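What follows is each chain in one-letter form.
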Amino acid sequence: MQVITYREALNQALSEEMERDERVFLCGEEVAEYDGAYKVSQGLLKKFGPKRVIDTPISETGFTGLGIGAAMYGLRPVVEFMTWSFSLVCYDQIINNAAQVRYMSGGQFSVPIVFRGSSGGGLQVGATHSHTPENWYANVPALTVITPAFPDDAKGLLKSAIRSNNPVCFIENEKLYGYKDEVPEGEHLIPIGKGKIRRAGNDVTIISNSGSTHRALAAAKLLAEDNIDAEVIDLRTIKPLDFDLIAESVVKTNRVVIVEENKPYAGWGAQVTYEIQKLLFDHLDAPVNRITSLDVPQPYNGKLEQSVLPNEERIIAGVRETLA
Amino acid sequence: MPTADKATKKGPSLSNSSILPPLDPQGKLQLYRQMLLIRRFEEKAAQAFQQAKIKGFCHLYIGQEAVAVGTISTLTAEDAVITAYRDHGHALARGMDANSCMAELFGKITGCSRGKGGSMHFFSAEKHFYGGHGIVGGQSALGIGLAFGQKYLNTGRVTICYLGDGAINQGAFHESLNIAALWKLPIIYVIENNGYAMGTSVSRSSAGDPLVKRADGYDMAGIIADGMDIDDVRAKTAEAVNLARTESLPTLMEIRTYRYRGHSMSDPGNYRTREEIEKYKKFDPILLYRTRLLDDKVTTDNALEAIDKEVTAEAQAAYDFADKSEEPAFETVYEDIFSPEDQIDEIPRRNLPL
Ligand SMILES: Cc1ncc(C[n+]2csc(CCOP(=O)(O)OP(=O)(O)O)c2C)c(N)n1
Ligand SMILES: [Mg+2]
């Protein structure tokens, strides 16, 4: 199997889907001639031409609205945000238009669109550029929110997202673009709304996504040296949530630690915690623990930022507390 | 008083002679009928609002009828129309059925948005009516998307996107004008300058007069039309539509009009005088057209009275239909959120535990 980066996996997904369906086009800042701010769209302009790989002005509201209108008209746009942090500028278009038009029109208009781009902290780019927005979008009823952690999922989920007839927020992680792993060549679809056990274990269930899955796996490895056998679930899709997978694991381990980069107040883990206590209360031997980012704006300083993120040290402490 | 004198001439030039074929008497009466239907519909809606049959916000179009009817009469049935929340007039001018429009105001399942949109959010896929949008200026960005789709798919169709004089101060509008000009999209932006954004007059909200000057910075054609005169609206719009259709170029239009009623049904109207409203009523677009039709001997008083009777009955029938229609069943609250999938497996969604 090919071993490629998360970035290349995304590029393959885009390329294959554009080849497959003429209605798919990519637009965003620097996606064409510059080959993408993070090189995810490298080579696509050459392959598909300027009609379908389109550099936009720095007008998130304008080009996001354009994508939504085009989707209502029957095209299947992929709108790239240089980073999801900049999607705040067009929050209105995503929430009020992409996510409400179908409902408000009594089901007359579909919005088959993918919003995608990088996100997350850890790169010392300060508070404006380090957002982890999955919970903001997961709060909106009609939005589907996907956050892949591995290259194979990045490819398979992006292909599924482009084929979906509904608006999808596809939230990549800037720190993972260079991560290499095996990825199937050609047709490879990962179902939306299904999590995956990335490490099997019996003592505690760690639920995570995106960059946090890697932190959770690293922590699990260290815990194993201490004979603590953690199961790590990568949710992959934040909404809809794969609660069946969570339930299966929790019924086995009876202990849960959630690892998320969202800030704590109403981060996605708060919803998962609520559902677990509501539906699996009798299976819990300890309160659900949440390891989130700290409730502060993202600092620039590297050491400070690392302490704000849900780092391995805090995950391990959280697991020990749950097992105590 | 609205004037149509100053047209800015930056950007692609527009020819002066009207490119519209002359209307036969039938066509003229049809325009008259549409304007009057909107007026009678809105009067009925006002009445229903006072009876608390219509709730929430209800923005009436009375006084502005020549804008929607005039502009839309220059389009084909397949062209796209999108507007803001003051949308009843555009919907009716687009040929949407008065029954389903009134039923939407009443929140009934038979409404054009199944009772889920309300006054501000009318939609009709069949009539290429892309909504009724409640966020001021937000639809201007969707408009370029529709025009982009039309161009991408080589449809030969064009889009008209309406917005108010207040909405032109939203960033979304400027971002959209820039993209429309840059990418040569077949779109006509129509500013319906009715003098006010709620209680804020144009002179208190918008720098630069005329408003259409804002097209200049984007090298876009700009046209002013007299929104009280449907013939002027039609002639000017036809030029813009032609430019969009034949050269795929956008135009910004400022159509000067006036709303007689409050901003919405709950507007006390302290920001303007009775006299001002009365003055504008002398230039009423329906009255003006009626006088013209009679002066030109296109029709007779009796024929026009008959039209009034018809549309008054149509508005009453819409009221009765809406009143008798069913409320949506509770289960419908969970419908119309997601489109069914056909290229991937259905996504497993569940109602969240409460
Ligand atoms: C983003 C946003 N801000 C404020 C409002 C409240 N609001 C609704 S209509 C309106 C005035 C708009 O005036 P104009 O664009 O001139 O349109 P008109 O009502 O005259 O048709 C305002 C402020 C809104 N709906 N959306
Ligand atoms: Mg106004």
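Definitions and limits used
Residues numbered from 1 in each chain as written. Chains lettered and ligands numbered in written order. Predicted model: local features only at pLDDT ≥ 70, side-chain atom pairs only at ≥ 80, totals over all residues. Heavy atoms only, no water. Helix = DSSP H or I, 4+ residues; strand = E, 2+ residues; numbered from the N terminus. Rg over C-alpha atoms; globule rule 2.2 N^0.38 Å. Buried < 20%, exposed > 50% of the residue type's maximum accessible area, 1.4 Å probe, protein only. Contact = heavy atoms within 4.5 Å. Areas by Shrake-Rupley, 256 points an atom, 1.4 Å probe, with all protein chains shown as cover. 1 Å grid on protein atoms, 1.4 Å probe; cavity = no way out; pocket = protein on both sides within 12 Å on 5 of 7 lines; lining within 4 Å. Points joined across faces, edges and corners; volume = space filled by probe spheres on them. Nonpolar A, V, L, I, M, F, W, Y, C, P; charged D, E, K, R; others polar. Domains from an automatic or database assignment. Buried area = accessible area lost by both parts, 1.4 Å probe. Salt bridge = Lys/Arg side-chain N within 4 Å of Asp/Glu carboxyl O. Polar contact = N/O pair within 3.5 Å; in protein donor to acceptor, adjacent residues only side chain to side chain. Phe/Tyr/Trp six-rings, centres within 6.5 Å; stacked < 30°, edge-to-face > 60°. Donors = N, O, S within 2.8 Å, 3.2 Å for Na, K, Ca; no water. Core = buried A, V, L, I, M, F, W, Y, C linked by side-chain atoms within 4.5 Å.

### Some words on the overall build of chain A
Phase 1: When you go through chain A residue by residue, the secondary structure sums to 12 helices and 14 strands.
Phase 2: Against the compact-globule benchmark of 20 Å for 324 residues, chain A has a radius of gyration of 19 Å, which places it among compact chains.
Phase 3: Here chain A holds 324 residues, and the buried ones make up 65% of them.
Phase 4: Once local pairs closer than 6 in sequence are excluded, the contacts in chain A between residues at least 24 apart make up 80%.
Phase 5: By element, 52% of the accessible surface of chain A is carried by carbon and sulfur atoms, the whole surface being about 11,500 Å².

### Describing the layout of surface pockets
Phase 1: Computed from the structure, the largest pocket encloses a volume of approximately 790 Å³.
Phase 2: Lining of the largest pocket is provided by 25 residues; of these, A138, P141 and K239 of chain A together with R350 and L352 of chain B occupy positions nearest its centre.
Phase 3: Every element with two or more residues in the lining of the largest pocket is listed here: α6 (134–138), β12 (237–239) and α10 (268–279) of chain A.
Phase 4: When residues of the lining of the largest pocket are assigned to their parent elements, the largest contribution, five residues, is made by α10 of chain A.
Phase 5: Per-class residue counts for the lining of the largest pocket are 16 nonpolar, five polar and four charged.
Phase 6: No fewer than three residues from each of domain 1 (2–183) and domain 2 (196–323) of chain A sit in the lining of the largest pocket.
Phase 7: Along the wall of the second largest pocket there are 30 residues; nearest its centre are H59, Y85, R86, M198 and H263 of chain B.

### With respect to the domain arrangement of chain A
All names here are of chain A.
Phase 1: Parsing chain A into structural domains produces domain 1 (2–183) and domain 2 (196–323).
Phase 2: For the pair domain 1 and domain 2, the summed buried surface comes to about 2,200 Å²; carbon and sulfur atoms form 46% of the total.
Phase 3: The largest share of the area that domain 1 buries against domain 2 comes from Q124, N135 and F150, three residues that together contribute 24% of it.
Phase 4: For the pair domain 1 and domain 2, the interface holds three salt bridges.
Phase 5: D153 is the salt-bridge partner of R236, the closest N and O atoms lying 2.8 Å from each other.
Phase 6: There are 21 residue pairs in polar contact (both at pLDDT 80 or more) connecting domain 1 and domain 2.
Phase 7: Elements that contribute at least two residues to the side of domain 1 that touches domain 2 include exactly α6, β6 (144–146) and α7 (151–163).

### Notes on the interface of chain A and chain B
Phase 1: Taken residue by residue, the interface counts 59 residues in chain A and 52 residues in chain B.
Phase 2: Counting each side, the surface lost to burial between chain A and chain B is near 4,700 Å², with a carbon and sulfur contribution of 61%.
Phase 3: Considering only the surface of chain A that becomes buried against chain B, Y73, Y103 and M104 of chain A emerge as the three largest contributors, covering 18% of it.
Phase 4: Inspection of the chain A/chain B interface yields one salt bridge.
Phase 5: Of the charged contacts, one joins R350 of chain B and E275 of chain A as a salt bridge, the two residues approaching to 2.1 Å between their closest N and O atoms.
Phase 6: Joining chain A to chain B, the criterion identifies 29 residue pairs in polar contact (both at pLDDT 80 or more).
Phase 7: It is helix α3 (residues 60–72) of chain A that contributes the most residues to the side of chain A that touches chain B, 10 residues altogether.
Phase 8: Partitioning the side of chain A that touches chain B into residue classes produces 23 nonpolar, 21 polar and 15 charged.

### Overview of the packing of aromatic side chains
Residues and elements named next belong to chain A.
Phase 1: One pass over the structure, following the stated rule, counts 20 aromatic pairs over all chains.
Phase 2: With centroids separated by 5.0 Å and ring planes inclined at 70°, the aromatic side chains of F81 and W84 adopt a geometry described as edge-to-face. Of the two residues, F81 and W84, neither departs from the other in class, the shared state being buried.
Phase 3: Arranged with centres 6.1 Å apart and planes meeting at 10°, the rings of F81 and F115 form a pair that is stacked. Within this pair, whereas F81 is found in strand β4 (residues 76–83), its partner F115 is found in strand β5 (residues 114–118), the two being separated by 34 residues in sequence.
Phase 4: In this structure F81 comes out as buried when scored by relative accessible area, which is 0%.
Phase 5: These aromatic residues form a ring-pair network of at least three members: F81, W84, Y91, F115 and Y137.

### Some remarks on the coordination of the magnesium ion (ligand 2)
All names here are of chain B.
Phase 1: In the first shell of the magnesium ion (ligand 2), the protein supplies D165 (OD), N194 (OD1) and Y196 (O), at 2.1 Å from the metal.
Phase 2: In terms of primary sequence, the donors binding the magnesium ion (ligand 2) are separated according to D-x28-N-x1-Y.
Phase 3: Judged by its relative accessible area of 5%, N194 is buried.

### Looking at the nonpolar core
Phase 1: Membership of the largest hydrophobic core comes to 83 residues, with the highest contact counts inside it found for F115 and I276 of chain A together with F148 and Y189 of chain B.
Phase 2: Three or more residues apiece are contributed to this core by two domains, here domain 1 (2–183) and domain 2 (196–323) of chain A.
Phase 3: Counting 59 residues, the second-largest nonpolar core is a separate cluster that includes A98, M102, V190 and A225 of chain B.

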